[in-house]
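Examination of the molecular architecture
Here's the letter readout for the chains.
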Amino acid sequence: MNAFTIPMDRIGDSRLAERLRRETQGEVLWGAADRGRYATDASIYQIEPVGVLVPRSMADVEAALTICREAGIPVLPRGGGTSQCGQTVNRALVIDCSKYLNRVLAVEGDTVRVEPGISLGALNTALAGTKQFFPVDPSTWARCTIGGMAGNNSCGSKSIRYGLMADNVRAIDALLADGSRFRFGELPDNLGAGVPAGIADLIQRLRALGAREAEEIAARFPNQLRRVGGYNIESLTPAARAEGRGNLARLLVGSEGTLAFSAALDLKLWPVKPRKALGICQFPTFRAAMAASQHLVTLDPEAVELVDRTMIDLGRSIPIFRATIDRIVRGEPDSLLIVEFHGQEDAPLARSLDALEEMMGDLGYPDSVVRCIDPGFQAAVAEVREAGLNIMMSMKGDGKPVSFIEDCAVALPDLADYTERLNQVFERYGTKGTWYAHASVGCLHVRPVLNMKDPEDVQRMRAIAEECFALVREYKGSHSGEHGDGIVRSEFNAPMFGPRIVSALEEVKDAFDPAGLLNPGRVVRPPRMDDRTLFRYGPGYAADPGLQPALDWSAWPGPQGGLLGAVEMCNNNGTCRKSDANVMCPSYRATRDEEHLTRGRANTLRLALTGQLPGGLASDEVHHALSLCVSCKGCKRECPTGVDMAKMKIEAMAARARERGINARDRLIATLPRWAPFAAMLPEAANARNWIPGLPRLGERLLGFSAGRSLPRFRRDAFHDAELPAPDGRAGEVILFPDVFSRYFEPENLRAAIRVLRAAGYHPTVARPARGSRPLDEGRTLLAAGLVDEAREEARRTLAALSAVASPVIGLEPSSTLTLRDEFLSLLPGPEAEALAARTFLVGEFLAREKPKLALKPVAAAAHVHGHCHQKAFAAFAPAIAMLTMIPELKVVPITSSCCGMAGSFGYEAANLAVSKAMAELSLLPAVRKAPEGALIVADGTSCRHQIGDLAGRQALHGIRVLEMALV
């Protein structure tokens, strides 16, 4: 039984929330949606917490521990929430350290002291100037936190070289459940006067336990590097202390927040090895790869990682990984082993690859090694490998690879037999497993494909787990080799270690935490791993039968036309929490709030779609969670499971618009294409808000447009369709698609495109609507307001006109043009929309593909280019760069940046002004300011150009304008 059972009426207890708000400076999150977002991690479980505290300081944590101790409420420390086993969900107060408690506190020699909420990626970035790094590298390195890694005793791909987290944590400054604080590390046998009496008594009790149980520990703990199950009580034995392995920090590492709260951690640093070489070995069968592992490790590699056939096939189906998979595969192998060597110089690494090729030949696989020496190629391979879990989870439908026996470890000589026998177990239960990861240490991640909504598959999961762990015991292996115990494996500590060891583990827990305050029910006294009341898909889980989606979601099976299945593709692994300068997820990078994260939004939608959040899709909770989503499409491309939050936002906006209507500002923006022609006839009046004193402030009060922003200016010389002929299908014809922004605000861009296309030998035309005089429109502004039915009508007009001839369709504005390639397929699914999507291009894509002969002259020394989010999401940024490289003597410098923060109307709204500026300041604006005065600034998005002009004072040009300037 759990030490704590919190009555449901205590969940969300407002008295506890009020006290936390009074006595801490942290953010107290207490609403149903907040609790729902923290109810899940990357496991199969969902347990609603009492509430959430995001502390700003360790003083907040100390105060929260005191409050919870007095109130009898458990406490759960949490970092990135990426745990696979359910150790970061509980009926407790969740304390999220990742937002504020993320500093490097000190670097002294080869030791760094950090707060628990810093991510591994951020830590190693901060250490870059020291030529040292922290080597424990889980695939979630970009977002997992050091505190969470210590809690799980994380390992990573290079554990064969650097060991586990327990081998690399020198000390932990710990807060104990009783309110005391002590630095656990290397301590002498004679503790001395500096150790408080209570702590000294605790340590002596622990050492006595270690002495008493030393023989049992030696007999029952497997002799495996990858043993992270239970507590590290072997560090308490006299032998461990005599050998220098008695550091008490080892005991806290792997304790999953059940023994203490880590206030700060001292980590061992290692010298950076700047050179790397990979050999990607191809095997005809899975067993052959497993049998080879024991031989390949004798070459002293840094890592040996498995990629199986399932991962190869799924990786090819994901656009962001397809090219890399094609490069690493030779022929049609069943499995790959990626062998990684690191060093200081290239020559020894080349010799290591030679030795690898020779060994593969000796094993009967000549010419089967793909050499990977180029850093760019290596980075792409690493990205695929690190995304292994998410690639596996990209399967559509209710059947998914499920983590419950994922990281068992056996000795390398036993690996082939163990994996073959386990595959036979899967076959008996009518499923198969997906395999990947750490062949170098016999810890292969395997996930049987099961449906956790099906009670029979839940029974199969239990039966497979029991048979698997019996095999592991037979091979004297470890049942928990990387991801910890959590809910899914804690109950199996008893059969793995025996009752005496389990009793010792309980004794350790009670010595540290006699009241069971800290993360109860994990490691010791756990619930059953198959208790469906703890599942994300519990017994009452069901879709709202009355919801009819506005868009087509038929690519995903299941209820609500596939909408729920699309939302459930989020497996909570948290790739969206990364903080690099790619697109996903710009609003989270600015706020660091779980609510404004792709994962947080997906969880909010899932709860709403299944009746777990009152009000459904139209609720205020859903609206608020999506309020800072800028529809950048970054998640569509960068999320390994393809969660398209921009499309899901349209669905939620449509539900809200149907139920509540839309406000005047949103209506004004949505209908811009309809009234813009009239505004362009009287631009002085239309633009009056920008120059008449008082109007900006009035506009902010009435419509919500920020008085601190200038609005785009309507132009008297707006573009008119009459400037080009209608399409007739002649040779060399291209159909220009003028978007509303280029047409009325920046017509010089359209005219530049016409001039360039004509110079390239093409015949530009403009399609007219079949009826009426209003120009064609893709419906982008209507979709942004959730007016899907009206957008569908615009799509019908546009599709009918553009389908009249089969000429290429070319646009300038990424968000508008790519609507024809994306949203049209959801608005009007069918062959006509698919055909149009296939022949629609941004102008840079078209020119880069066609490579026309143009007479061009130099225009500048350099062009610094910012990619629009949709360009990046649809692989259109590289062609935009390629178009500019056609210009002689022009150095083209892509800016490493995420979303500009303007995102259509988003940045003009007063409510979003601060976040909009914060997004821009993350990477784009600093890069623009650093660009030399004479360099060109290029941005193909109209909102991007406006943001750069407003906040950096630099004029940015569309790429086609630069090409026009270069025409001879």
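Heads up: the structure comes first, above all this text.
Rules used in this analysis
- Counting restarts for each chain: residues are numbered from 1 in the order of the written sequence.
- Per-residue local features are limited, in this predicted model, to residues with pLDDT of at least 70; the limit for side-chain atom pairs, both in listing and counting, is 80 or more; totals at the level of whole chains, interfaces and linings are taken over all residues.
- To get the side-chain values, take all heavy atoms of the structure and skip hydrogens and water.
- Here the rule is simple: two strands pair whenever DSSP picks up at least two bridges between them.
- Only runs of H or I of at least four residues qualify as helices and only runs of E of at least two qualify as strands under DSSP, and these elements are numbered from the N terminus.
- Lines are fitted to the C-alpha atoms to define the axes, a helix being fitted only along its stretch in contact, and any angle between axes, read from their N-to-C directions, falls within 0 to 180 degrees.
- Here a cavity means grid points, on a 1 Å grid over the protein atoms only, where a 1.4 Å probe fits yet cannot get out; a pocket means an open set of points with protein on both sides within 12 Å along at least five of seven lines; lining residues are those with an atom within 4 Å of a point.
- Grid points are joined across faces, edges and corners, and a volume is the space filled by probe spheres set on the points.
- Side-chain classes follow a simple rule in which Ala, Val, Leu, Ile, Met, Phe, Trp, Tyr, Cys and Pro form the nonpolar group, Asp, Glu, Lys and Arg form the charged group, and the remainder, Gly included, forms the polar group.
- With the far helix as reference, a near helix turned anticlockwise by less than a right angle produces a left-handed crossing, and one turned clockwise produces a right-handed crossing.
- Here, two residues are considered to be in contact whenever any of their heavy atoms come within 4.5 Å of each other.
- Put simply, a disulfide is two cysteine sulfurs that come within 2.5 Å.
- Burial classification: accessible surface area is computed with a 1.4 Å probe over protein chains only, and a residue below 20% of its type maximum counts as buried, one above 50% as exposed, and the rest as partly exposed.
- To qualify as a nonpolar core, a set must consist of buried Ala, Val, Leu, Ile, Met, Phe, Trp, Tyr and Cys residues joined through side-chain atoms within 4.5 Å.
- Whenever a carboxyl oxygen of Asp or Glu lies within 4 Å of a side-chain nitrogen of Lys or Arg, that contact is scored as a salt bridge.

**With respect to the sheet that holds strand 3 (residues 75–78)**
The 4 strands are arranged 1-2-4-3 in an open sheet whose pairing can be described as mixed. What marks the edges here is a single partner per strand, and that holds for strand 1 (27–29) and strand 3. Going from strand to strand, the sheet's axes swing by 20° on average, the running direction of each strand aside.

**Notes on empty space enclosed by the protein**
The method is simple in principle: a probe with the dimensions of a water molecule rolls over the atoms, and the space it marks as empty is what remains. Overall, the coordinates contain 10 cavities of 30 Å³ or more when judged by the stated rule. Taken together, 49 residues line the largest cavity, and the ones lying closest to its centre are Ser83, Gly148, Met149, Asn152 and Ser154. Secondary structure elements with two or more residues in the lining of the largest cavity: strand 3, helix 5 (146–152), strand 10 (261–268), strand 13 (303–308) and strand 17 (433–438). In terms of residues, the lining of the largest cavity owes the most to one element, helix 5, which gives 6 residues. Looking at the lining of the largest cavity, its residues break down into 16 nonpolar, 26 polar and 7 charged. Considered as a void within the structure, the second largest cavity measures approximately 330 Å³ in volume. Residue lining of the second largest cavity: 24 residues in total, with Ile44, Met393, Lys400, Arg536 and Tyr537 positioned closest to the centre. For the lining of the second largest cavity, the secondary structure elements donating two or more residues are strand 16 (400–401) and strand 18 (443–450). Its residues placed into classes, the lining of the second largest cavity shows 11 nonpolar, 7 polar and 6 charged.

**As for the sheet that holds strand 22 (residues 840–842)**
Within the open sheet, the 4 strands sit side by side as 20-19-21-22. Their pairing is parallel. Two strands lie at the open edges of the sheet, namely strand 20 (763–766) and strand 22, each paired on one side alone. Sheet twist, expressed as the mean angle between neighbouring strand axes with direction ignored, is 35°. Note that strand 19 (residues 733–737) and strand 21 (residues 809–811) share 3 bridges and pair parallel.

**What to know about the packing of helix 24 (residues 598–609) against helix 27 (residues 645–660)**
Between helix 24 and helix 27, the least distance of the axes is 11 Å, while the angle of their chain directions is 35°. For the pair helix 24 and helix 27, the crossing hand works out as left-handed. Contacts between helix 24 and helix 27 involve Thr598, Arg601, Ala602 and Leu605 from the former and Met645, Met648 and Ala652 from the latter. Looking at the contact of helix 24 with helix 27 residue by residue, the classes come out as 5 nonpolar, 1 polar and 1 charged.

**A few points about the state of the cysteines**
Applying the stated criterion across every chain yields a total of 0 disulfides. Cysteine 443 takes part in no disulfide bond, and the closest cysteine sulfur to it belongs to cysteine 155, at a distance of 6.7 Å. On the basis of relative accessible area, cysteine 443 is assigned to the buried category, the value being 0%.

**Things to note about unusual backbone geometry**
Residue aspartate 300 is not a glycine yet carries a positive backbone phi of 60°. Checked against the element boundaries, aspartate 300 lands in the loop between helix 11 (286–296) and strand 13. A positive phi angle, close to 40°, is found at asparagine 519, a residue other than glycine. As for its placement among the helices and strands, asparagine 519 is situated in the loop between helix 21 (499–512) and helix 22 (563–567). Assessed through its relative accessible area of 0%, asparagine 519 is described here as buried.

**Some points on the nonpolar core**
Membership of the largest hydrophobic core comes to 173 residues, with the highest contact counts inside it found for Ile146 and Ile233. When residues of this core are assigned to their parent elements, the largest contribution, 8 residues, is made by helix 18 (residues 455–474). Ignoring sequence-local partners within four residues, the contact set of isoleucine 233 consists of Ile217, Phe221, Leu251, Ile501, Ala504, Leu505 and Val508.

**Concerning the pattern of salt bridges**
In this structure the tally under the stated criterion is 84 salt bridges. Glutamate 234 is the partner of arginine 227 in a salt bridge, and the nearest nitrogen-oxygen pair spans 2.6 Å. The burial state of arginine 227 is the same as that of glutamate 234; both residues are buried. With a shortest N-O distance of 3.0 Å, lysine 453 and aspartate 398 are connected by a salt bridge. Of this pair, lysine 453 sits in the loop between strand 18 and helix 18 while aspartate 398 sits in the loop between helix 16 (388–392) and strand 16, placing them 55 residues apart in sequence. Exposure remark for lysine 453: the relative accessible area of 23% places this residue in the partly exposed category. When its relative accessible area of 39% is taken as the criterion, aspartate 398 is described as partly exposed. Taken together, the salt bridges that share partners define one network made up of Lys633, Lys636, Asp644, Arg780, Asp822 and Glu823.

**Quick word on the environment of phenylalanine 283**
In this structure, phenylalanine 283 sits in strand 12 (residues 275–283). Through-space distance from the C-alpha of phenylalanine 283 to that of leucine 776 is 54 Å; in sequence the pair is 493 residues apart. The residues contacting phenylalanine 283, other than those within four sequence positions of it, are Ala288, Ala289, Ala292, Leu296, Pro333, Asp334, Ser335, Leu337, Met360 and Tyr365.

What is shown is where atoms sit, not what they do.
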